[in-house]
Every structure is written in C-alpha cells, then in structure tokens.
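Listed below, chain by chain, are the residues.
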Amino acid sequence: MKKIYTILFILVVTLTTAQNKDTKKADQLYDRLAYTDAAEAYQKLLKKGKGSRYVFERLANSYFFINDTKKAETYYKRVVKGRKVKPEAVYNYAQSLKANGKFSLYNTFMKRFAEMSPNDSRAIDFMKDPNYVPQIMEDYPRFEAKNLEYINTEYSEFGGIVRDKDFYFSSARNTARKKYHWDEQPFLDVYKAQLVGDAIKNAKLLEGDVNTKYHEGNVAISPDGRRMYFDRNDYLDGKFDKSEEGINQINLYYTEWVDGGWKGVFSVPFNSSEFSTGHPALSANGNMLYYVSDKPGGKGMSDIYRVSIDASGNFGTPERLSDNINTEGKEVFPYIDSNGALYFSSDGHQGLGGLDGFYAEANGNGFKDPVNLGKGANSEDDDFAFIYDPNTQTGFMSSNRSGGKGADDIYQIKAIEPPCDVTMDINVVNEYTQEPIFGARIDLYDTLENKLSTKSTAENGKGTVVAECEKPHVVQAFMRGFESNAITVDASPDGKITRTIELRPIEAIIVDDKIELNPILFDYNKHNIKPQAAFELDKLVGIMKKYPNMKVKVESHTDTRGRAEYNRELSERRAQSTVQYVISQGIDASRISGKGMGLDKPAVPCGSNCTEADHQKNRRSEFIIVER
C-alpha cells in the first residue's frame, strides 16, 4: 500500500551534506521523490559494502514515505543506535513500530523522542497519556467501514464528496496517463460517479477543464454549485513551475460551472511555487475555505489554514488554525460538517497508525481539542479524507488498510450504536481512617487483563468509570504512599453502581528486611511482565519513591520441576524483567538489582513429592531490602 495522500501533498527536506560520489545517483532519485527507485539504489550500495548511517537513514525514510513500515523499521533500528540521532528519525521509528503492532517498543522510543524534544507538542501529548494507544485499541469501535467495491480498483482511489446524486473522487486508474515516480502508479484524475440506491457506480472521468496530464485531486464544491475547488500540480496555462530547489509543488485552483460544464481554471492568490497548498474544504455556508499548506512559518510539516470568501468570491487573509489542531507533524484533509465540526487526519496527534482521523467540535471562532475517531474509522495504516453527515450518521473515508482492493480505497462509514453501559462510582478511601483519598488513579480492566480506561478521584475520593454492562470487570486503585488494591465487579445490568476500594498505607507491606507483595505471576516458560505483575510492582515502585535511599534486590525463584540450568536461566530472565520494569517507572538503576535463583532455596523443600500448591509457593519473587 502506498501513501497516496502524500503525492498530493509533497513535503520535502533536501539533505545534501552527506552526499558523495557513491550516493549521488540514489540521492538524485531521493530528492526527486522517486522513493521506490531510491530505495533500490541505496540497497545496491549496501550490497557493495558502502553502507553508512546516512545511507541507512535515507533508506529508512524512503520506505517510510511509501508506507513500507516493516522495512522502515528494519533500517531505522540501525539509525537510532548511533550517536547524534535526529529526533525525527526516532519519531519515525516509533511510528513504524506502532504501525507494525509493537506497542511496547513504540512507547519506549516515544519516551526517547520526548526526552530529545520535550517541547514538541507530539511529545507533550504522548507524555500526558502514554497508554492512550492501547486504550483506543481496547475501546468499542465507533464506526463500521464498508469498502465501496463498485468504485475501488487495483489503483488508488481516495477522497469523495456528494453533490446531489453525484459522487466526486480522485483515482489513479487512468492508465493513459504516465506513471508517477513516487509509487509507479498513473497520475491522478478527478472522477464523477452516481448514487444508485445504496451503491455508488458508473465512475467516469470528470468532463471539463479540471483534469490534465498531471495530478488532480481533492474537490470541494460551493453550496450554490457554481464553483469547484481542487488541487493540482503547479501547472496552469501549459506552464509547469518548480521551486528554486527544483520541486514541483501542489497548488489550489478553482473552476466555474458555465453553460452546463466546468470551464476555466483559476489560481487562488495565496499559491506559491515555493510551497504546497491543497486539500480544499468549505464550510456549510461556503463562506470559509479550509486548506492545507506547508508554507514557511507554520507549526509542522503541514498545517490546516482557512480563508474567508465574500459574496463576490474574493478571498480574505489566510489564517492558520490554532496549536490544539496543528502539530509538528502533518495535519491534512480537513472537512467541515453541517454543525461546523472539523474532521481531519494527522500523524502528529496520538493515533493507531500513520494517519488517523480526528474530530473537533466548533468552539466559538475555533475548535475544541480533537478526539480520535477510534477503531473502525482508524486502523494501523493511513486513514484519511473523512466526510461525515451528523444527521444521517454516515459518511466516507479513505484508507490503505489491509484487505482493500488497491493502494488506497474509499470506504463508506456508519456510526455504530454503542453497547449498553454501566456507570461505576468508585470511592477510594484510607483503610484505617475511612477518609477519602484525593487524586488516586483508577484503572478499569476486563477479565482478560486488558486495560479499558483510567480516571482520577476527586476531592471526595470518588472517580467514575463506564464499562460494558452484563460483563464482570476488575477495578484497580493506586495512590502514592498507599498499597494498591483491586476489586472485582460482577456483571451488572445497564445503570449505575457504587463500590469502595480501601487502600492501606504503604508501610504495612514492609516486613522486617523484605517488601511483601502478592505473587508476581508469569506465564509458563515466559518472563514478560503481565498487567497483574505490573500492578504489584507498582507498589514496590511507590515504596522506593517514598524512601529515596532504599536499595532492593530481587530474587526470582522457580519451582523444582525441570532442569536446574534451564530454571536458573529462566529465573534470571524473570528477575531482569522485573528490574527493568522498576527502572522504567523512574527508579534509578543503581537502586535495584536482580538475581535468578532457579531451584535453589525453595520455600517448600518438598523434593520430588511437591503438590501443585507447593510448586506455586516455590515459584515466587522476593524483594529484599539491602539498604535503607
């Protein structure tokens, strides 16, 4: 699948400082945006033993730009190991890991990116809620998406607006066009199809003056139907313009409906050959044009702008949308619904894949903070070009997700009625005094240990979580200075219930020279930290944060089954996993150590006569205080 959306919005940084005679050919292809060919050229250099960090980074970028995240991950992995790594390379590596479903590593490298660029809004957004992506994965789907089989082909189709009974979209199916070097598909054209019942059929090349031999893409039509906005390569009146760096940009144009056809093509006054402008969208009344640009002075790689249009069709002064919408990444494909809400796609806000769809309600002259459209609408790939009718709760989107017919496909989306909910009012109190605990964290889990949501308690010690009814759940509570605790909430009908969680002051789990935790459970023959284990280890972290001079040694034991050497190695891996988890929560590595004890020092010396209960007692971790 190719990142066709970037074809219509080319964002280029030309880096020439590390070029040499060996990389010259590959660099020329790269700088011309011929990333598929550039990747092949850089691969040839690797086979000749001429690899360098510069080559690896450009190779990783090439694969990243054409959405081959598996190969991008492979080569970014080499890049991020070096010194003086660029923050954007770390960010791209993290995004590749996320797209490939490796959420734990994604979190690790997003934290590294946040350390390198703490003021970047993407880093700030991530650090506010590092578990945001897993929470989206576990949430209910908000939309169902259906592939428009009559429209989509083996090529790229995307975008789409409805005007009366006509459906306008972009496609690379016109094989009479020459191929574009980015993705080896024909140049894009605008097509018009018909709404026939519940289906969209009979796609034909749009007649009139819009389509040329170059790219034409996204379309917006004024409410009176007399003006169509669209984006195209910087090509007008037979003149193909390039920037000073030799890049042909994307520009925004409009055409007029005259005598039954789209006639004449006119450039908007804020176009330039030095930067791109495209992705048009109109407000419901047609008085405001929204678009995307990578013009100098923006916040990120591409930002969303808007400009007023008066009754005569003249344009005002463009303004960039606020920083709660635009990030240091890419914001693209805006759309305004009949209520004035903004839909757009972004790779800068937290999401499931490369581009995710977001929704922001109108708020005075601006917009509220955007909300991820969730599963169904979004996937681990690129999801973009959302349009939505809040009255019918239906719309369209485009995606290069797996299972499609072509490089990018158009999908029809429909809101899903959420399942019945139960509201849980959770009171968190001190076990000894019964006083409410303000600021405690409440985590909601299903019975498979999947975290569903997180809330904090108010001054009255109450926090509210919403869960699917008729299913049991586990609620955990955490507060610094207290031992964490959890309760199981039985399946409940639709409605509201109230439960209380008591937290014991943390000193209660320090017994002599040990910290007494519930058993740290591992899956058979595994050493990764499960949610239950993390829940217990957070108690240890809380104690060590309260006592900054405390040092702890972790001893991990196995039961007496199996070979001694194997059990020692397994227990060592478990001990080190435990240590690494504690360090990841902010404890200095000098304060925590671990050792795998294997079969040594069983809690129950039962030899070959151990019961299953004996094995469970022997399979344990002990936390020994070596210094206070």
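Here, every reference points to the structure presented above.
What this report covers is the structure whose coordinates are included nearby. (Residues numbered from 1 in each chain as written. Predicted model: local features only at pLDDT ≥ 70, side-chain atom pairs only at ≥ 80, totals over all residues. Heavy atoms only, no water.)

## Digging into the environment of Glu245
Relative to the assigned elements, Glu245 resides in the loop between β11 (239-240) and β12 (250-258). Distance from Glu245 to Ser96, taken between C-alpha atoms, is 29 Å for residues 149 residues apart in sequence. (Helix = DSSP H or I, 4+ residues; strand = E, 2+ residues; numbered from the N terminus.)

## Details of the sheet that holds strand β2 (residues 157-163)
Taken in spatial order, the four strands line up as β2-β3-β6-β7 in an open sheet, and their pairing is antiparallel. Looking at which strands have only one partner, the edges of the open sheet turn out to be β2 and β7 (199-205). Here the average twist between neighbouring strands, direction ignored, is 30°. Of the strand pairs in this sheet, strand β3 (residues 166-171) and strand β6 (residues 189-196) are connected by six bridges, and their pairing is antiparallel. Bridge assignment links Ser170 to a residue of β6, and that residue is Val190. (Pairing = 2+ DSSP bridges. Axes fitted to C-alpha atoms, helices over the stretch in contact; angles between N-to-C directions.)

## Points about the state of the cysteines
Covalent bonding between the sulfur atoms of two cysteines is what defines a disulfide. All chains considered together, the criterion is met by one disulfide. Across the disulfide from Cys606 sits Cys610; the S-S distance is 1.7 Å. Its S-S torsion of approximately 90° makes the covalent link between Cys606 and Cys610 right-handed. Of the two residues examined, Cys606 and Cys610, each falls in the buried class. (Disulfide = S-S within 2.5 Å. Buried < 20%, exposed > 50% of the residue type's maximum accessible area, 1.4 Å probe, protein only.)

## Comments concerning the pattern of salt bridges
Opposite charge on two side chains lets them pair, provided their charged atoms get close. As enumerated under the stated definition, the model contains 31 salt bridges in all. Its salt-bridge partner being Asp383, residue Arg401 comes within 2.8 Å of it at the nearest N-O pair. Placement of the pair is Arg401 in the loop between β25 (394-399) and β26 (409-415) and Asp383 in strand β24 (residues 383-389), with a sequence separation of 18 residues. Close ionic contact of Asp425 with Lys496 constitutes a salt bridge, the shortest N to O distance being 3.9 Å. Here Asp425 is found in strand β27 (residues 421-430), whereas its partner Lys496 is found in strand β34 (residues 495-505), with 71 residues between them in sequence. Accessibility expressed as a relative area gives 8% for Asp425, which makes it buried. Salt bridges sharing common partners tie together Asp559, Arg561, Glu612 and Arg619. (Salt bridge = Lys/Arg side-chain N within 4 Å of Asp/Glu carboxyl O.)

## Some points on helix α6 (residues 87-99)
Taking 1.5 Å per residue, 13 residues should reach 18 Å; α6 reaches 18 Å between its end C-alpha atoms and fits that length. Of all the 13 residues making up α6, eleven are buried; the element is thus mostly covered by neighbouring parts of the structure. The set of residues buried in α6 consists of Ala89, Val90, Tyr91, Asn92, Tyr93, Ala94, Gln95, Ser96, Leu97, Lys98 and Ala99. Phi for Gly101, located one or two positions after α6, is positive at around 80°. (Expected span 1.5 Å × (residues − 1).)

## Thoughts on the nonpolar core
Of all hydrophobic cores here, the largest spans 41 residues; its most connected members are Tyr42, Tyr63, Tyr106, Phe109 and Met110. Looking at this core, the elements with two or more residues in it are α2 (24-31), α3 (35-47), α4 (53-65), α5 (69-79), α6, α7 (103-116), α8 (121-128) and α9 (132-138). Among the elements that line this core, the one with the most residues is α4, at seven residues. Aside from chain neighbours lying at most four places away, what touches Tyr63 is Ala39, Gln43, Asp68, Lys71, Ala72 and Tyr75. Ile506, Ala533, Val554 and Ile625 belong to the second largest nonpolar core, which has 24 residues in total. (Core = buried A, V, L, I, M, F, W, Y, C linked by side-chain atoms within 4.5 Å. Contact = heavy atoms within 4.5 Å.)

## Focus: the sheet that holds β26
With antiparallel pairing, four strands are arranged side by side in an open sheet as β1-β26-β25-β24. Every other strand in the sheet has two partners, leaving β1 (143-147) and β24 as the edge strands with one partner each. Adjacent strand axes in the sheet meet at a mean angle of 25° when their direction is disregarded. Note: β25 against β26, six bridges, orientation antiparallel. Bridge pairing links Ser398 to Ile410 in β26.

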